[in-house]
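Listed here are the chains, written in short residue letters.
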Amino acid sequence: MRRLLPLLAGLLLLATACTAGPGPDPKPAEERWRPAPGLAWQWQLSGRLDPTVDVPVYDIDGFDHPASTVTDLHRRGRKVICYLSTGAWEDFRPDADRFPKSVLGKGNGWEGERWLDIRRTDVLEPLMAERLDMCRAKGFDAVEPDNMDGYRNRTGFPLTAADQLRYNRLIARLAHERGLAVGLKNDLDQIPELLADFDFAVNEQCAEYDECDRLVPFVAAGKAVFHVEYELDTAEFCPQARKLGLSSMLKRYELGVWRRPC
């Protein structure tokens, strides 16, 4: 019976995809949240959530928190971003068994995670659409889709820049159709091609790798760049971050409550 479960799940997913009606009507861009450069933020993906950090933006795990958490943050005057991994599989997510083995690649360096074959949009689009439905149903304002630069890593698949552009634009479209703002996570090389598709950027360690200038197009377009460093002291990156208009802070790798903003 256990051997039949993956097959039955796959047939159910196929039937759902074939019988489902059209997706939600896209919300006009002017009705979506449009985070402006310089907004302070909190990024907490581990530990008990502290909702009292006095910042206008929170970025939290979409699976780990119920709608009541989002409602509480809204009540406190925060906008809330839904963190999801869209380019890698995580074995600890409730929908993990719905990803066929054929789309799972090499590990991405984090325990329990493997790169996804983003060329297989026939499989991944309905799964990611359901995850974004979850973000919308919980009341999130935006989504941070992670692992969006697989083509530059050893994924186990021959991914190209064109594959990545196609997939990233798909994720942006799915988010926008649900009224969610969407951020480009890292993927600096494709900023010129993707700037129009994304409402903000999320970046890790651009100062450490001397890459922050490459995020300026977002700021110039009136779009926030939410940025963190892990290895540098604030004195080493905050002056440049302020000059460029980035929303920057120092965090620890576990992304708990602790933060040191610029």
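Structure: above.
Since the model is a prediction, treat every value here as computed from it, not as a measurement. (Residues numbered from 1 in each chain as written. Predicted model: local features only at pLDDT ≥ 70, side-chain atom pairs only at ≥ 80, totals over all residues. Heavy atoms only, no water.)

Asks: Whenever I open this one, the side chain of E177 confuses me. Can you help?
Replies: Looking at the element boundaries, E177 is found in helix 4 (residues 161–177). For E177, a relative accessible area of 16% puts it in the buried group. A polar contact is formed between the side chain of E177 and the side chain of R173, at a distance of 2.9 Å. (Helix = DSSP H or I, 4+ residues; strand = E, 2+ residues; numbered from the N terminus. Buried < 20%, exposed > 50% of the residue type's maximum accessible area, 1.4 Å probe, protein only. Polar contact = N/O pair within 3.5 Å; in protein donor to acceptor, adjacent residues only side chain to side chain.)

Asks: Mind showing me how you'd approach the nonpolar core here?
Replies: The tendency in soluble globular proteins is for nonpolar side chains to be buried as a group. Residues L84, F99, L116, F140, F198 and L246 are the most contacted members of the largest nonpolar core, which totals 61 residues. With eight residues, the top contributor of residues to this core is helix 3 (residues 121–137). Setting aside residues no more than four positions away along its own chain, L116 makes contact with T86, G87, A88, W89, F99, V103, L104, L124, M128, F157 and L159. Judged by nonpolar contacts, the second largest core, of 16 residues, contains V57, I81, V228 and Y230. (Core = buried A, V, L, I, M, F, W, Y, C linked by side-chain atoms within 4.5 Å. Contact = heavy atoms within 4.5 Å.)

Asks: Help me understand the packing of aromatic side chains, please; the structure alone is not making it clear to me.
Replies: Think of a pair of aromatic rings as described by two things: how far the centres are apart, and how the planes are tilted against each other in angle. Applying the stated rule across the entire model yields five aromatic pairs. Between the aromatic rings of W33 and F200, the centroid separation amounts to 6.3 Å while the plane-to-plane angle is 50°, which identifies the pairing as tilted. Here W33 is found in the loop between helix 1 (4–19) and strand 1 (41–44), whereas its partner F200 is found in strand 9 (residues 200–204), with 167 residues between them in sequence. F200 carries the same exposure label as W33, and that label is buried. An angle of 45° between the planes, with centres 5.2 Å apart, marks the rings of W41 and F226 as tilted. Highlighted residues: W41 in strand 1 and F226 in strand 10 (residues 225–229), separated in sequence by 185 residues. Since its relative accessible area comes to 0%, F226 is described here as buried. By the ring-pair criterion, three or more aromatic residues cluster together here, those being W33, W41, W43, F200 and F226. Geometry around W258 places R252 over its ring, the cationic atom sitting 4.1 Å from the centre. (Phe/Tyr/Trp six-rings, centres within 6.5 Å; stacked < 30°, edge-to-face > 60°. Lys NZ or Arg CZ within 6 Å of the ring centre and 35° of its normal.)

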